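Analysis of the macromolecular model
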Amino acid sequence: MTQVNNLGSLLISLREQTSGEKVTVGAMLDAVGRRSYGPLLLLLGFVSISPLTIIPGANWLVALIILIIAGQIVLGLKYPWVPRRILDFEFPRSALILGVEQAHPYVCQVDRFLKPRLAFLTEPPFVQLVALICIAAALVSFPLGLIPFGPVLPGLTVLLFGLALTARDGFVLILAGLGLASSCYVVIRLWERLIG
């Protein structure tokens, strides 16, 4: 099994470690390594900006899983746990592979940028702060799920946090924080239009 340490290895694992017409949440988590928080957040961020989110309710399901995983980081649990009902949820594998293929041209550029730096930001107590920000990104995803492509910014935030934790790159954590700030700005503007 490919060890997930960047975006390229995540995509390889998803393509090679899954099979069949349908793929469950559990199979995707197993493909990236269910015992590490960084690759799980990286996977969830990738799924939240992939074609899988075209499926009705998928954005909210992914946001819920992010809440569960990030909440466990805040609580300091050593290994993540996901409820069985969520693990059994199925997606068309073709949509997953489409997302992998669409991301492929950009992977080398992203991975070339990654390197261990400001690594202290990826360790406690900062990792708990990262988890709180991921919780905020997931919560922002719920209202943004009502508009087309709304959850892309919070999903990108979680993707960047997952990349940062996986590659121990604190600079990417800072970029992810800017992504969340952009998401919050979009939600505030949306709210102003709704009540205005």
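Rules of the game
- Residues numbered from 1 in each chain as written.
- Predicted model: local features only at pLDDT ≥ 70, side-chain atom pairs only at ≥ 80, totals over all residues.
- Heavy atoms only, no water.
- Helix = DSSP H or I, 4+ residues; strand = E, 2+ residues; numbered from the N terminus.
- Rg over C-alpha atoms; globule rule 2.2 N^0.38 Å.
- Buried < 20%, exposed > 50% of the residue type's maximum accessible area, 1.4 Å probe, protein only.
- Lys, Arg positive; Asp, Glu negative; His and termini not counted.
- Charge placed at Lys NZ, Arg CZ, Asp CG, Glu CD.
- Core = buried A, V, L, I, M, F, W, Y, C linked by side-chain atoms within 4.5 Å.
- Contact = heavy atoms within 4.5 Å.
- Axes fitted to C-alpha atoms, helices over the stretch in contact; angles between N-to-C directions.
- Parallel < 35°, antiparallel > 145°, perpendicular 65-115°, else oblique.
- Left-handed = near helix turned anticlockwise from the far one by under 90°.
- Nonpolar A, V, L, I, M, F, W, Y, C, P; charged D, E, K, R; others polar.
- Phe/Tyr/Trp six-rings, centres within 6.5 Å; stacked < 30°, edge-to-face > 60°.
- Expected span 1.5 Å × (residues − 1).
- Bend = angle between axes of the 7 residues up to and from the residue.
- Salt bridge = Lys/Arg side-chain N within 4 Å of Asp/Glu carboxyl O.

Moving on, we come to the overall build of the chain. Tallying secondary structure elements over the chain gives 9 helices and 2 strands in all. Mapped from its N terminus to its C terminus, the chain presents α and β elements in the order α-β-α-α-α-α-β-α-α-α-α. Relative to the compact-globule value of 16 Å for 196 residues, the chain shows a C-alpha radius of gyration of 16 Å, a close match. Counting only C-alpha atoms, the chain reaches 50 × 40 × 35 Å along its principal axes. Residue burial in the chain is summarised as follows: out of 196 residues, 48% are buried. When the 14 basic and 10 acidic side-chain charges of the chain are each reduced to a single mean position, those positions are 4 Å apart.

Turning our eyes to something else, we now look at the nonpolar core. Soluble globular proteins tend to bury their nonpolar side chains together. Leu10, Leu14, Met28, Leu43, Phe46, Ile69 and Phe91 are the most contacted members of the largest nonpolar core, which totals 59 residues. Considering every element that reaches this core, the biggest residue donor is helix H4 (residues 58–75), with 9 residues. Dropping the residues within four chain positions of it, Leu43 is found in contact with Leu10, Leu14, Met28, Leu29 and Val32.

What follows covers the packing of helix H3 (residues 37–48) against helix H8 (residues 152–167). It is the contact of H3 with H8, at a shortest axis distance of 7 Å, that shows an interaxial angle of 155°. Of the possible angle classes, the one that applies to H3 and H8 is roughly antiparallel. Regarding H3 and H8, the two cross each other, and that crossing is left-handed. Contact with H3, carried on its side by Gly38, Pro39, Leu41, Leu42, Gly45, Phe46 and Ser48, involves Gly155, Val158, Leu159, Gly162, Leu163, Leu165 and Thr166 of H8 and no other residues of that element. Taken together, the residues that form the contact of H3 with H8 break down as 8 nonpolar, 6 polar and no charged.

Turning to the packing of aromatic side chains, a few remarks are in order. Remark: the centre distance and the inter-plane angle together describe each pair of aromatic rings, the angle taken between the planes. According to the stated counting rule, one finds 2 aromatic pairs in the structure shown. Relative to Phe126, the ring of Phe120 has its centre 5.7 Å away and its plane inclined at 75°; by these criteria the two rings are edge-to-face. Since its relative accessible area comes to 47%, Phe120 is described here as partly exposed. In this structure Phe126 comes out as partly exposed when scored by relative accessible area, which is 34%.

The end-to-end C-alpha distance of helix H6 (residues 93–113), which contains 21 residues, comes to 29 Å, matching closely the 30 Å that a straight helix rising 1.5 Å per residue would cover. Along its length, H6 shows its largest kink, about 50°, at Pro105. Looking at H6, one finds that the buried residues are Arg93, Ala95, Leu96, Ile97, Gly99, Val100, Ala103, Val107 and Asp111. Tucked inside the fold, the buried residues of H6 contact helix H1 (7–16), strand S1 (22–24), helix H2 (25–32), H3 and strand S2 (90–92).

What follows concerns unusual backbone geometry. In this structure, Arg168 is a non-glycine residue whose phi angle is positive, near 55°. One can find Arg168 in the loop between H8 and helix H9 (170–195).

The next subject is helix H7 (residues 126–144). The end-to-end C-alpha separation of H7 is 27 Å, in line with the 27 Å expected for 19 residues at 1.5 Å each. Among the residues making up H7, those that are buried are Val127, Val130, Ala131, Cys134, Ile135, Ala137, Ala138, Val140, Ser141 and Leu144. Against H3, H4, H8 and H9 lie the buried residues of H7.

Below, the discussion takes up the environment of Ser94. Here Ser94 shows up in helix H6. Each C-alpha atom of the pair Ser94 and Glu21 lies 7.0 Å from the other, and the pair is 73 residues apart in sequence.

On to the pattern of salt bridges, then. Across all of its chains, the model carries 3 salt bridges by this definition. One salt bridge connects Asp169 with Arg117, and the closest N-O pair in it is separated by 2.8 Å. Within this pair, whereas Asp169 is found in the loop between H8 and H9, its partner Arg117 is found in the loop between H6 and H7, the two being separated by 52 residues in sequence. With a relative accessible area of 22%, Arg117 lands in the partly exposed category. Here Arg189 ties to Glu192 by a salt bridge, and the two come within 3.4 Å at their closest N and O atoms. On the criterion of helical spacing, the pair formed by Arg189 and Glu192 is a turn pair, its members being 3 residues apart in helix H9.

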